[in-house]
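Chains, contacts and geometry: an overview
Okay, here's what each chain looks like letter by letter:
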Amino acid sequence: MRSRVLFINLSSYEHWSEDFEVEEWLGGVGAGIRLLREHAGRAEPLSEGNAVVLSTGQFTPAYPMASKCVGMFRSPLTGTLGESHAGGRVATSIANAGYLAVVILGRAEEPVYVVVENDRVHFRDARAIWRVRDSIVVGRIIAKREGGAGVRSVLRIGAAGCSMVRYACVNTETYRHFGRLGMGAVFGSKNLKALVISGRGSFTPERLSCYRRIYREIFSRITSWKEAKKYYTLGTAANVQPLNEMRSLPSLNLRQTHLEGAENISGEAFAERVLGRRVACSHCPVACIHIGALRVPYGDEPYFYKTLMVGYDYELIYSLGSMLGIRSAGEVLRLINQVERLGMDAISAGVALAWATEALERRLVSRRETIEELKFGRVEGYIKATEHLASGANEFYRALGMGVEHASKIYGGEEFALSFGGNEMPGYCTGYGSYIGYLIGSRHSHLDAGGYELDQKLAKEGKELSPEELVDTLVRREVEKQLLSTLVVCFFARSIYTPELVATAFEPLGMEVSPGELMQIAERIYAEKQRYRGELGFSMDRLRVPERALKQEALGRSLSREYVERALRYFAERYL
Amino acid sequence: MMRLRAKDLDRCVGCQLCMYACSRRQGKIGTEHSGILAVSLSGFERGATVIFCRACERPPCAEVCPTGALVPRKGGGVRYAESRCMGCGNCVDACTLGAIFRRRDGKVSVCVHCGYCVSFCAHGVLEYSEAEA
Ligand code: SF4
Ligand code: SF4
Ligand code: SF4
């Protein structure tokens, strides 16, 4: 089993490796939470003491669709656990370089970027590129200078990371990100502009013929898999239209759950009008990454164009489309492109701009603060505003860059600041499952427990759960997801990698573990996350559901604050 | 003699399943032993492609190999006798395509046209077919 962890200390420019106890925690989130708790402890998120853990799984180079990299750090946005997953080539590069995980410690005195090539680590001067705002350009400069094309990943930050916007992201392979909860700000605080990891690795399975057989079995299950079609045809953008129809598409800062004209930003509209190509994460045949091609004329010269290639997904269409009232695929792409280049989490950035728009409309702030005219549906203002946000142009934008919850405490408008546990709302407003899921989830994400799926399932079956039952169900779902996240299997493949298949697939790799033991590991990880969150000061008292969210009917039901409060009380008693 | 061919390079999504297949064929997990490399075309915005041996009839790589580790193969390309390879890297420089890859032990990985990877490419990029006479 791959168990080596590479430590990189930016304060002392040292590096070393250590063995990790794989049996107890496997890898992925398991290794991530253990290593983070040990090496970051209670250090402030933007201090030298915080750590960034990049963790892979035991299946990473061995089987397909196990190529997610789990990033863990103390979040500068929420102050508690920061966890963000990225696809692309990060995980396979780390694994092929011979490591289970990479841990970044300390803070460099001057801007640096770090290059890991199998066993070697180089610290490079990044002063010349520190102020390059565009993360894609940063990637190109470094890719040109360093070797390892095809077997490497270039993790880097743009302007937002350098100015420590609390939801700055780390970009990799142009289209993949450690998006949520501010890993980019932590990179920025460490004076780390980029991390390049490259490696060509080779591992020997314990039982080769058995390994080949199971590999083939998994491969054919994936390629003959009907469900996968949904991911590769329209991609997650396929959700726009059905959510809009069931009045669950958060729009105009959630003043509405249905957007007139949403058919122009639906998965179908994107596919017809802009889809330019699809690419894949390393070691995944599905190729679900959808990239739109957009021809943009230069206003100052006729017959002079640029063509932008911009990745899109449901979450981005929600946050930078429907939330801001933008109803054209091309305009949404332009805004995604902008946010991507500046290196911000698209969900947080969109929700922040939606709040700012409403705050301006209600005169809580004026043009002196927002600089630009922010109006729902007007893309130009938003494009300029993202620049101010990424650079912290004035006091207002600096506050907005600390999160919408923080900004609304200063300027008012908390009732329509769509933040849950300090994290800006993901794109689902389907009811209690989604909202309570955001609040109690370890990373305040829709992916923790998939509450939005649960809401839809319950609505279809005409069922209602008590607050206690709902919390138990959400927690159980989150525990189950820990298993996939510890193997870093893509959530899209959850129906393929059942605990039984996982146990079988471990055999030729030389590890015996039963489905029951796997679930125990998942539970252990969940408990460890709760313990660490507690140590970082996470408590139910700080949590709230924004009033705006409770005002909207969800799947035909009205929501009550009492229900939410009862659920949170129960969660605190039972699970914290 | 059969050889590996590109049926339609433009369809490549850069998934690298072919790379993992090639190493697996040699009993390995990973990419180090792979004789094929999937790269982005200077960034994924321009798409992806695969680099592998195009089966030269008079292989320059074999011409510069001082130990006979690489010898011309019938139907084009080379056979690779790893035990003879002393890791000089001449072949790496000689291949115009950059289709010979260095391993960490100094030896090389190169496509020997076995065809194993073809069935793992789900996107119709590769084919295994008869080499022209
Ligand atoms: S490895 Fe390169 S030089 Fe050698 S036969 Fe193949 S294409 Fe020709
Ligand atoms: S044909 Fe055989 S040797 Fe060549 S790349 Fe494919 S698997 Fe490797
Ligand atoms: S398996 Fe096919 S699509 Fe994937 S990288 Fe190889 S050639 Fe390209």
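Note that the structure is a prediction, hence the values are computed from the model and not measured.

Bringing the overall build of chain A into the picture now. From N to C terminus, chain A includes 25 helices and 18 strands. Along the three orthogonal principal directions, the C-alpha set of chain A runs to about 65 × 60 × 45 Å. On chain A, roughly 20300 Å² of surface is accessible, and the fraction owed to carbon and sulfur atoms is 46%. Of the side-chain charges in chain A, 73 are positive and 68 negative, and the distance between the mean point of each set is 4 Å.

This part is about the sheet that holds strand 15 (residues 289-297) of chain A. Residues and elements named next belong to chain A. The antiparallel open sheet is built from three strands, whose spatial order is 14-15-16. A strand with exactly one partner marks an edge of an open sheet, and here the two such strands are strand 14 (275-279) and strand 16 (305-312). Strand-to-strand, the axes of this sheet are offset by a mean angle of 30 degrees, without reference to chain direction. Relative to strand 16, strand 15 is paired through eight bridges, and the arrangement is antiparallel. Looking at the pairing, R295 lines up with T307 of strand 16. Sheet contacts for helix 12 (residues 329-342): strand 15 and strand 16; angle to strand 16, the most-contacted strand, approximately 80 degrees.

A few words on the sheet that holds strand 3 (residues 52-55) of chain A. Residue and element names in this part refer to chain A. Read from one edge to the other, the open sheet built from six strands follows the order 2-1-6-3-4-5, with strand pairing classed as mixed. The open sheet is flanked by strand 2 (14-19) and strand 5 (81-86), the only strands paired with a single partner. The average undirected angle you get between the axes of adjacent strands in this sheet is 20 degrees. Where strand 1 (residues 4-9) meets strand 2, six bridges bridge the pair, whose relative direction is antiparallel. Among the inter-strand pairings, R4 is bridged to a residue of strand 2, identified as D19. Strands strand 1, strand 3, strand 4 (69-74), strand 5 and strand 6 (101-105) of the sheet are contacted by helix 2 (residues 28-40), whose axis makes an angle of about 25 degrees with strand 4.

Let us now look at the packing of aromatic side chains. Under the criterion given, the structure shown has 24 aromatic pairs over all chains. With a centroid separation of 4.7 Å and an interplanar angle of 50 degrees, the aromatic rings of F59(A) and F506(A) are classed as tilted. One end of the pair, F59(A), is in the loop between strand 3 and strand 4; the other, F506(A), is in helix 22 (residues 499-506), and 447 residues separate them in sequence. Judged by its relative accessible area of 0%, F59(A) is buried. Judged by relative accessible area, which is 0%, F506(A) ranks as buried. An aromatic cluster is built from F59(A), Y63(A), Y211(A), Y215(A), F219(A), Y497(A), F506(A), Y116(B) and F120(B), whose rings are joined through pairwise contacts. Over the ring of F120(B) we find R24(B), and its NZ or CZ is 4.6 Å from the ring centre.

Moving on: the pattern of salt bridges. Residues and elements named next belong to chain A. Here the structure, examined in full by the defined rule, presents 34 salt bridges over all chains. Residue E453 is joined to R494 by a salt bridge in which the shortest nitrogen-to-oxygen separation is 2.8 Å. Taken together, the positions of E453 in helix 20 (residues 451-461) and R494 in the loop between helix 21 (467-487) and helix 22 put the pair 41 residues apart, joining distant regions of the chain. Owing to a relative accessible area of 34%, R494 belongs among the partly exposed residues under this scheme. When salt bridges that share partners are traced, they join E21, R34, R37, E528, R531 and E535 into one network.

So, about the pairing of strand 3 (residues 36-40) of chain B. All names here are of chain B. Most of strand 3 is tucked away, with four of its five residues classed as buried. Pairing of strand 3 with strand 4 (residues 48-52) involves five bridges; the strand directions are antiparallel. Note on strand 4: the bridge partner recorded for V39 is T49.

For the rest of this paragraph, the subject is helix 20 of chain A. Residues and elements named next belong to chain A. Looking at helix 20, one finds that the buried residues are G451, Y452, L454, D455 and L458. The buried residues of helix 20 occupy an angular sector of 160 degrees when projected down its axis, which confines them to one face. Where the residues of helix 20 are buried, they touch helix 18 (432-440), helix 19 (446-449) and helix 21. Positive backbone phi, at 65 degrees, marks G462, one or two positions downstream of helix 20.

Rules used in this analysis
Residues numbered from 1 in each chain as written. Chains lettered and ligands numbered in written order. Predicted model: local features only at pLDDT ≥ 70, side-chain atom pairs only at ≥ 80, totals over all residues. Heavy atoms only, no water. Helix = DSSP H or I, 4+ residues; strand = E, 2+ residues; numbered from the N terminus. Areas by Shrake-Rupley, 256 points an atom, 1.4 Å probe, with all protein chains shown as cover. Lys, Arg positive; Asp, Glu negative; His and termini not counted. Charge placed at Lys NZ, Arg CZ, Asp CG, Glu CD. Pairing = 2+ DSSP bridges. Axes fitted to C-alpha atoms, helices over the stretch in contact; angles between N-to-C directions. Contact = heavy atoms within 4.5 Å. Phe/Tyr/Trp six-rings, centres within 6.5 Å; stacked < 30°, edge-to-face > 60°. Buried < 20%, exposed > 50% of the residue type's maximum accessible area, 1.4 Å probe, protein only. Lys NZ or Arg CZ within 6 Å of the ring centre and 35° of its normal. Salt bridge = Lys/Arg side-chain N within 4 Å of Asp/Glu carboxyl O. Arc of directions from axis to C-beta.

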